[in-house]
Amino acid sequence: MTEPWWKRASVYQVYPRSFRDLNADGTGDLRGVIHELPYIAALAVDAIWLSPFYTSPQNDSGYDVADPRSVDPVYGTLDDARELIDQAHFRGLRVLVDVVPNHTSSHRDWFQEALAAGPGSAAREKYHFLDGRGPDGDEPPNNWMSMFGGSAWTRVTEPDGRPGQWYLHLFDSTQPDLNYANPHVHLDALETLRFWLDMGADGFRVDVALGLAKDPAYPDVDDPEGLILALRMDLDDGSPQAMERRRRVSNSAFLDRDELQDIYREWRQLLDSYPGDRMAVAEAWVPPERAARYVAPDTLHQIFNFDFMAAPWDAERVRDVIQTTLEQLEIAGAPPTWALSNHDTPRVVTRLGGGDCGRRRARAMALIAHCLPGSIYVYQGEELGLADADLPDESRRDPVWFRTLGAQKGRDGARVPLPWHDHEPPYGFFDPGGEHEASLWLPPPPDWAAFSVAAQSLDAASTLGQYRAMHRLRHTHPGLFDLDNVSWPETEPGVFAVRRGCGFSCVVNFTDDEVVSPIQGYVITASDAGVRLERTVVTLPPDTGAWIQS
Ligand code: GLC
């Protein structure tokens with residue numbers, strides 16, 4: 001029997017708003033993705049993951065879904081989605097779509113019905129509506145906080161005009177949480193999965209997979225702010241303190257609860273009933289010892305590895321995170337996943353120091369992430385070496401910015417439209433001169449011409465050239481990247497080295513001095529033009545790395 005495709009897939013995350021805008025309205029669209037499928041296929045990845053493109057008021061860039069089985073007109077039509085899946089398949093690319101089961105948009109018909117139906121109605125049971133505390137019920141039902149800042153409860157005005165019940169939203173107030181104790185909610189999630197599976201989707205990225213179950217007693221939590229901080233990716237520096245903080249999430253009142261897995265067992269049965277190795281990957285920021293629950297043989301298939309994503313520029317810490325990941329998931333028999341960034345985190349160039357130094361480090365870290373067993377997820381623009389854009393405050397859109405009254409800048413800097421070609425904005429994101437032409441939904445920095453696809457396409461030494469080389473090798477020599485064969489040669493402090501199968505190794509220099517690689521051989525690909533090879537001796541300048549064949 002051949003191995004399921006997802007066990008060692010390279011997956012490219014497309015954030016449709018910012019990928020390519022074919023109708024020139026300033027926002028990316030599905031036809032833009034179809035148009036650039038050859039670009040993605042040429043990266044030699046196995047699959048794409050599409051962030052949400054469903055009908056939505058776009059208060060949280062589409063993660064506030066008003067109708068999960070439709071396409072928002074800003075992105076196109078259901079026919080476009082069907083064509084995108086078919087064309088991707090034609091080019092040998094699988095397609096994962098993002099499902100957002102934890103909450104809906106407040107614009108969803110269900111929520112509007114619940115508001116109109118009033119307290120005690122069946123419609124309200126699909127969400128978490130509770131009476132408030134205090135003499136007039138004017139205090140929230142408990143002390144839970146929103147991940148985006150402030151209370152996780154908002155009070156409604158009842159149909160008779162009086163202040164009434166409160167509803168729960170772990171994110172923005174326009175994203176009410178669904179109640180999975182209600183059978184309609186279960187069935188609706190399954191119907192959404194079926195809808196996209198029937199259209200040909202190969203699987204799902206499960207948004208907020210750790211949040212769907214809540215303690216039915218709705219107890220106060222100790223230190224509510226601390227619990228929320230545990231999920232702030234931008235504050236996670238990979239330190240033992242950050243890990244300790246993360247442990248608070250484990251089986252808590254509204255996160256990572258044990259009974260979640262009953263939901264995913266149902267999902268797994270549905271996925272298994274379809275042909276062709278359909279799969280699901282959980283977005284769940286849980287401590288390593290909880291990860292295996294999400295990927296047991298009868299639950300989901302993969303879980304994102306946020307500890308690796310948060311790992312600082314430190315050889316020993318990076319190696320520790322990798323070893324812990326491999327140990328924990330071995331227990332579950334599930335393949336690990338690796339990613340350096342996504343649409344919620346600072347871009348890896350920025351996280352590792354910004355500027356030329358951050359870019360050199362990001363390229364060296366990419367060599368590590370891509371050589372490990374399991375699946376790699378690449379966020380669009382990472383292959384171009386983009387850094388976060390420094391945006392003027394008036395152009396920010398992220399609800400995090402608004403809910404924290406500007407105390408947190410939010411995630412917009414990592415979501416700016418991609419530069420394709422040309423010397424000035426919109427850098428080929430759309431073709432100027434169209435009938436609907438508008439301005440870009442987020443403005444790109446003035447210096448992005450050098451990072452465009454056109455500027456890097458012919459340059460094998462560019463970041464794009466490195467990403468193409470890495471994915472090509474994963475594709476043509478899958479045996480080098482298999483699950484066994486991970487060993488750790490002795491190194492000097494600050495030097496990372498891992499041996500994989502068939503004489504293939506990755507070495508990265510995390511120090512401030514030039515080092516001679518502890519492993520000799522030929523350089524397959526390097527993260528920097530300064531890496532030297534004399535006979536079989538590889539010399540690595542600071543912040544660089546190489547894949548070596550011995
Ligand atoms: C996930 C998404 C993020 C979104 C949040 C609420 O974490 O990745 O972008 O804001 O869920 O849906």
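As the structure is a prediction and not an experimental result, all values here were calculated from the model.

Student: Would you mind going over the sheet that holds strand β4 (residues 129–130) in detail, with residue names and values included?
Tutor: Taken together, the three strands give an open sheet; going across it, the order is β4-β6-β5, and neighbouring strands pair in antiparallel fashion. Edge positions in the open sheet fall to β4 and β5 (153–157), since each of these has one partner strand only. Both β4 and strand β6 (residues 163–168) contribute to a ladder of two bridges, which runs antiparallel. Bridge pairing in β6 links Phe 129 to Tyr 167.

Student: Tell me about the pattern of salt bridges, and please be specific about residues and values.
Tutor: Scanning all chains against the criterion turns up 39 salt bridges. Glu 3 is paired through a salt bridge with Arg 8; the nearest N and O atoms lie 2.9 Å apart. Its relative accessible area of 40% is what places Glu 3 among the partly exposed residues. According to the relative accessible area criterion, Arg 8 is partly exposed, its value standing at 25%. Put simply, Arg 257 and Glu 259 hold a salt bridge, and the shortest N to O gap is 2.9 Å. Among the ionic contacts, a cluster of salt bridges with common partners joins Asp 60, Asp 344, Asp 398, Arg 411 and Arg 415.

Student: Which residues make up the site of the ligand, and what values do they have?
Tutor: Taken together, 15 residues sit near the ligand, with Asp 60, Asp 207, Glu 283, His 343 and Asp 344 positioned nearest. Note that an oxygen atom of the ligand is positioned 2.8 Å from one of the side-chain N or O atoms of Glu 283. Between Arg 411 and the ligand, the recorded distance is 3.0 Å, taken from a side-chain N or O atom to an oxygen atom. In isolation the ligand offers 300 Å² of accessible surface; the protein chains occlude 99% of this area. Among the residues forming the shell around the ligand, the class breakdown is five nonpolar, three polar and seven charged.

Student: Which residues make up the pairing of β6, and what are the values?
Tutor: The buried fraction of β6 is high, at five of six residues. Note: β5 against β6, four bridges, orientation antiparallel. Note on β6: the bridge partner recorded for Thr 154 is Tyr 167. Between β5 and β6, which pair antiparallel in sequence order, lie five residues; one of them, Gly 161, sits at a positive phi of approximately 90°.

Student: So what's going on with the domain arrangement of the protein chain? Which residues, and what values?
Tutor: Partitioning the protein chain into domains gives domain 1 (5–101 + 184–456), domain 2 (109–168) and domain 3 (485–549). Each of domain 2 and domain 3 has a C-alpha centre, and these two points are 57 Å apart.

Student: So what's going on with unusual backbone geometry? Residues and values would help.
Tutor: Along the chain, Pro 425 connects to Pro 426 via a cis peptide bond; the corresponding omega equals 5°. Relative to the helices and strands, Pro 426 resides in the loop between α14 (399–403) and α15 (453–457). Its identity as a non-glycine residue notwithstanding, Ser 61 has a phi of 45°, on the positive side. Here Ser 61 shows up in the loop between β2 (47–50) and α3 (78–90). A relative accessible area of 8% means that Ser 61 is categorised as buried. Unlike most non-glycine residues, Asp 277 shows phi in positive territory, near 50°. Among the secondary structure elements, Asp 277 is positioned in the loop between α8 (260–272) and β8 (279–282). Accessibility expressed as a relative area gives 40% for Asp 277, which makes it partly exposed.

Rules used throughout
- Every residue gets a number counted from 1 within its own chain, in the order that chain's sequence is written.
- Two thresholds apply to this predicted model, a pLDDT of at least 70 for residue-level local features and 80 or more for giving and counting side-chain atom pairs, whereas whole-chain, interface and lining totals are computed over all residues.
- Calculation of side-chain values draws on the structure's entire complement of heavy atoms; hydrogens and water are dropped beforehand.
- For two strands to count as paired, DSSP must find a minimum of two bridges between them.
- Secondary structure elements follow DSSP: runs of H or I of four or more residues count as helices, runs of E of two or more count as strands, with numbering from the N terminus.
- The salt bridge definition used is simple: a Lys or Arg side-chain nitrogen within 4 Å of an Asp or Glu carboxyl oxygen.
- Between buried and exposed lies partly exposed: a residue is buried under 20% and exposed over 50% of the maximum accessible area for its type, with that area taken using a 1.4 Å probe on protein chains only.
- Being near a molecule or strand, for a residue, means having at least one of its heavy atoms within 4 Å of it.
- Each polar contact in these results corresponds to two N or O atoms within 3.5 Å; when the atoms are within protein, one needs to be able to donate a hydrogen and the other to accept it, and residues that are neighboring in sequence are counted only if both atoms are side-chain atoms.
- For accessible areas, the Shrake-Rupley method is used with a probe of radius 1.4 Å. Any residue's cover is judged against the shown protein chains and nothing else.
- Each residue receives one of three labels: charged for Asp, Glu, Lys and Arg, nonpolar for Ala, Val, Leu, Ile, Met, Phe, Trp, Tyr, Cys and Pro, and polar for the others, Gly being one of them.
- Each domain's extent was defined by an automatic or database domain assignment.

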